[in-house]
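# Descriptive analysis of the structure
Each chain is listed here by its residues.
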Amino acid sequence: MNNIVEDLRNGISSYKFADIKKALSDFEVNKDNIETAKELIEVLKSDKRKNVISIGIKYEKSLEKYNKEVERVKLLYEFDKQRVKPGEYLAGVDEVGRGPLAGPIVAAAVVLDLDSLENIILEINDSKKLTDHKREELAEIIKRNAIDYSISLCDHNEIDEKGIGVCNNLVFLNSVKTLKKVTPSVVLSDGYLVRNLDIYNEAVIKGDTKSASIACASIIAKVFRDNIMKEYDEKYPNYDFVDNVGYGTSKHVNAIKKFGPCKIHRLSFLRNILK
């Protein structure tokens with residue numbers, strides 16, 4: 001890429017617009033090419049052709065967007081970093097699947113490297129605000145880059161037996177307790193304090209929009225559970241689990257009324273539907 005920028009700098013006027021566009025078709029602004037992007041923008045905007053300048057303006061906007069995203073995510077990391085002393089670890093915990101009519105409730109705990117903000121994971125957010133593809137992509141990045149992570153679940157039988165409140169706490173608690181590489185000094189949990197946790201715990205309302213660690217836990221838990229529900233969709237195709245992931249959409253409720261519940265339905269959640 002640097003060679004292309006240098007070639008353009010030495011004689012951009014000799015390149016046709018179509019050739020410039022083709023040469024830059026795969027170029028996207030990221031943390032590894034910021035300086036190259038700045039040079040490229042300068043070169044493109046120095047040209048006299050409006051269509052070439054427009055490419056420079058496009059990359060300028062991309063760079064501005066990238067920088068805003070970096071600042072947004074750094075605030076999420078700083079939120080976590082302010083809550084631990086040097087050398088301590090912080091775990092963020094979040095759950096998915098509290099409200100569905102079928103399937104498990106899943107929680108994840110994630111421990112991030114808060115000491116270096118050079119390798120922050122961009123685009124992390126409340127998992128519900130991300131597309132399926134972006135969640136899948138980010139889940140793999142998070143698992144590769146996290147210092148530690150763990151996933152815990154309670155299935156539909158446990159939910160019916162113990163109640164969703166108890167299971168919500170259990171998956172929070174177990175996801176922290178099953179971390180293998182480190183023991184956190186602080187646990188940030190989304191929305192609820194974790195009962196019976198012998199580690200300092202802070203509940204953060206809408207934590208997946210404030211804490212980097214909780215946001216990452218939200219994404220991992222969501223992807224894990226969604227993939228379980230996709231497998232269940234193949235086994236129980238009448239209920240549209242691939243789209244509703246167990247939530248009570250009208251199509252799902254009508255299927256329950258027509259076919260009755262399947263083995264993964266939470267019967268304690270269906271009393272009003274089946275009466």
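Relevant structure appears above.
Notes on the structure follow. (Residues numbered from 1 in each chain as written. Predicted model: local features only at pLDDT ≥ 70, side-chain atom pairs only at ≥ 80, totals over all residues. Heavy atoms only, no water.)

## Digging into unusual backbone geometry
Rules: The helix and strand labels rest on DSSP assignments: H or I over at least four residues marks a helix, E over at least two residues marks a strand, and numbering proceeds from the N terminus.
Residues other than glycine seldom take positive phi values, yet Glu123 does so here, at roughly 75°. Residue placement: Glu123 occurs in the loop between strand 2 (105-111) and helix 5 (132-145). Here Asp240, not a glycine, exhibits a phi torsion of approximately 60°, which is positive. Mapping Asp240 onto the fold places it in the loop between helix 8 (212-235) and helix 9 (241-244).

## Structural notes on the environment of Ala102
The line we're drawing: Here's how the labels work: a residue is buried when its accessible area is under 20% of the maximum for its type, exposed when over 50%, partly exposed in between, all with a 1.4 Å probe on protein chains only.
Tracing the chain through its elements places Ala102 in the loop between strand 1 (90-96) and strand 2. For Ala102, a relative accessible area of 0% puts it in the buried group. Note: C-alpha distance between Ala102 and Phe27 (75 residues apart in sequence) is 44 Å.

## A word on the nonpolar core
The cut-off we apply is this: As used in this record, nonpolar core signifies buried Ala, Val, Leu, Ile, Met, Phe, Trp, Tyr and Cys residues forming a set joined through side-chain atoms within 4.5 Å.
Ranked by size, the top nonpolar core spans 52 residues in total, and within it Leu44, Tyr59, Tyr77, Leu112, Ile124 and Ile142 carry the most contacts. Those elements that place two or more of their residues in this core are helix 1 (2-11), helix 3 (34-45), helix 4 (50-81), strand 1, strand 2, helix 5, strand 4 (186-190) and helix 8. The element contributing the most residues to this core is helix 4, with 10 residues. Grouped together as the second largest cluster of nonpolar side chains are 20 residues, Ala109, Val111, Val194 and Leu197 included.

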